[in-house]
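Observations on the three-dimensional arrangement
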Amino acid sequence: DALPIWTFGVTEADCYGAIDVDTGKSILFVPKLPESYAVWMGKIQPPKYFKEKYGVDEVHYTVELSSVLELMKPSVLLTLRGLNTDSGSICKEASFEGISKFQVNNTLLHPEIVECRVIKTDLELEVLRYSNRISSEAHKEVMKAIRVGMKEYELESLFLHYCYKFGGMRHSSYTCICGSGDNSSVLHYGHAGAPNDKTIQNGDLCLFDMGGEYYCYGSDITCTFPANGKFTPDQKAIYEAVLHSSRAVMKAVKPGVAWPDMHRLADRVHLEELTKFGLLKGNVDDMVKVHLGAVFMPHGLGHLLGIDVHDVGGYPEGVERSKEPGLKSLRIGRVLAEGMVLTIEPGIYFIDHVLDQALADPAQSCFINNEVLQRFRGFGGVRIEDDIAVTANGMELLTCVPRTVEEIEAFMADGQSSTKSADPFPCKKP
């Protein structure tokens, strides 16, 4: 659980932390380690080491936890227990020998800390900018290195190597999704049953969703590009439809905007673009009424980002998740506020199972030009995912990668040539 790490920053196992709400005094309790630890794991550090390392006021051993708290005479112990509305898991509540001596409240603290985590501090923003900068550079390395005939996992390996070597990122925020060809329509491709092991073919569209993690703070970036460096007309049309959607949302983001409305905006732009392209026909307002947008984007538009890649707080108490197609998968159901960090990740996918269901439904099939749709069977999908911070008047874009068709083709052509030139998309150092 990331809550203790967020509160104290402690990476060692089996520690407890306490904060006196009235005074702000912080106390860390560390385990008293056996002598064998020094043989297998390294030097056994004294309490003063942890006091200096983590900047807490006091450090004691965990065996002293009950006695130390008894001396403080607290009126109540607030322990952490609550639902993560994103994962559905319940965080593990602190328990120790002697806790029965105290009056315990395990419901008050969790929602308060969750709300604190929703709004990022200036220092948290600096770390998130860093994780995005390194991950953006790693994505660009992948775009330069890709060649037809490679395995998807070769590019995954390159991304992870770059993040670790140049950014000190030992871990990724999640299992890398490196889908080429039809695999790019599999939303969570890259799992154990499909471990990024396809050979990349000429003409494939590649959807690479990867993010490095720095001191537990994540990044979540998706780039979609042609394996051979040149978009086909159909690939360009779908890619630009998603890009228009992404930029429309970015233009609208500001404090006070309801995130479900941003999902609806992305859906509408997709439907408008697919109608211009000839894949859909009819009135867009009528398409919206039958939830046609969810046929092409079955996932939510984005999620909060922080010390968890799907950060807590998406649905505060009293806010219910929608049951509508598409919106039921939305991970944020709240109004945006300055200091939030989240992803914007619209996508258009051609998933046979979902398309067949739509074609079997007269309310939806009447809008689909099946003759044009046949060209996109096996096409895969396009997702464009950026990380942003909500500012007082709009947003700050944290991700820095080529995004337009022209930028991507020029960047990949430069990467595949033997002549080195200046990077046209340098990421600013935070």
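Look a little higher up for the structure.
These lines cover the structure that appears in this document, whether it is placed above or below. (Residues numbered from 1 in each chain as written. Predicted model: local features only at pLDDT ≥ 70, side-chain atom pairs only at ≥ 80, totals over all residues. Heavy atoms only, no water.)

Thoughts on the sheet that holds strand S3 (residues 58-61)
For the record, the criterion: Following DSSP output, two strands are said to pair if at least two bridges run between them. Secondary structure follows DSSP: runs of H or I at least 4 residues long count as helices, runs of E at least 2 residues long count as strands, and numbering of each begins at the N terminus. The angle between two axes is taken between their N-to-C directions and runs from 0 to 180 degrees, where each axis is a line fitted to C-alpha atoms and a helix contributes only its stretch in contact.
Taken together, the three strands give an open sheet; going across it, the order is S1-S2-S3, and neighbouring strands pair in mixed fashion. The outermost strands of the open sheet, each flanked by one partner alone, are strand S1 (16-19) and S3. Ignoring strand direction, the axes of neighbouring strands in this sheet form an average angle of 20°. In this sheet, S3 lies alongside strand S2 (residues 26-30) in parallel orientation, the contact comprising four bridges. Counted as the bridge partner of Phe-29 is His-60 from S3.

Concerning a nonpolar patch on the surface
Rules: Each patch is assembled from residues with relative accessible area greater than 30% and no salt bridge, linking like charges that lie within 9 Å and nonpolar side chains (Val, Leu, Ile, Met, Phe, Trp, Tyr) that lie within 5 Å. Computed by Shrake-Rupley with a 1.4 Å probe, the accessible areas treat only the displayed protein chains as cover when residues are assessed. Here, a salt bridge means any Lys or Arg side-chain nitrogen found within 4 Å of an Asp or Glu carboxyl oxygen.
Nonpolar side chains collect at one region of the surface, where Val-39, Trp-40 and Met-41 lie side by side and expose about 450 Å² of accessible area between them. The topology assignment puts Met-41 in the loop between helix H2 (36-40) and helix H3 (47-54).

Notes on the sheet that holds strand S11 (residues 341-344)
Taken together, the three strands give an open sheet; going across it, the order is S11-S14-S15, and neighbouring strands pair in antiparallel fashion. Where the open sheet ends on each side, the last strands, each with one partner, are S11 and strand S15 (395-397). The sheet shows a mean angle of 35° between the axes of neighbouring strands, direction not considered. Of the pairings in the sheet, the one linking strand S14 (residues 386-390) to S15 comprises three bridges and is antiparallel in character. The partner of Ile-388 across the bridge, within S15, is Leu-397.

What about the packing of aromatic side chains?
Filter applied, for reference: What counts as a ring pair is set by centres within 6.5 Å for rings of Phe, Tyr and Trp (its six-membered ring), and what kind of pair is set by the plane angle: stacked under 30 degrees, edge-to-face over 60, tilted for all other angles. The classification of residues rests on relative accessible area computed with a 1.4 Å probe and restricted to protein chains. Under 20% of the type maximum is buried, over 50% is exposed, and intermediate values are partly exposed.
One pass over the full model with this rule turns up 13 aromatic pairs. Note on Tyr-162 and Phe-166: the rings are 4.6 Å apart at their centroids and 35° apart in plane angle, and the pair reads as tilted. Pair noted here: Tyr-162 and Phe-166 are both in helix H7 (residues 152-167), with a separation of four residues, about one helical turn. Tyr-162 gets classed as buried once you look at its relative accessible area, which sits at 14%. With relative accessibility at 48%, the residue Phe-166 sits in the partly exposed group. Their ring planes at 55° and their centres at 5.3 Å tell us that Phe-376 and Phe-379 sit as a pair that is tilted. The pair formed by Phe-376 and Phe-379 is uniform in burial state, with each residue classed as buried. These aromatic residues form a ring-pair network of at least three members: Phe-277, Phe-296, Phe-350, Phe-376 and Phe-379.

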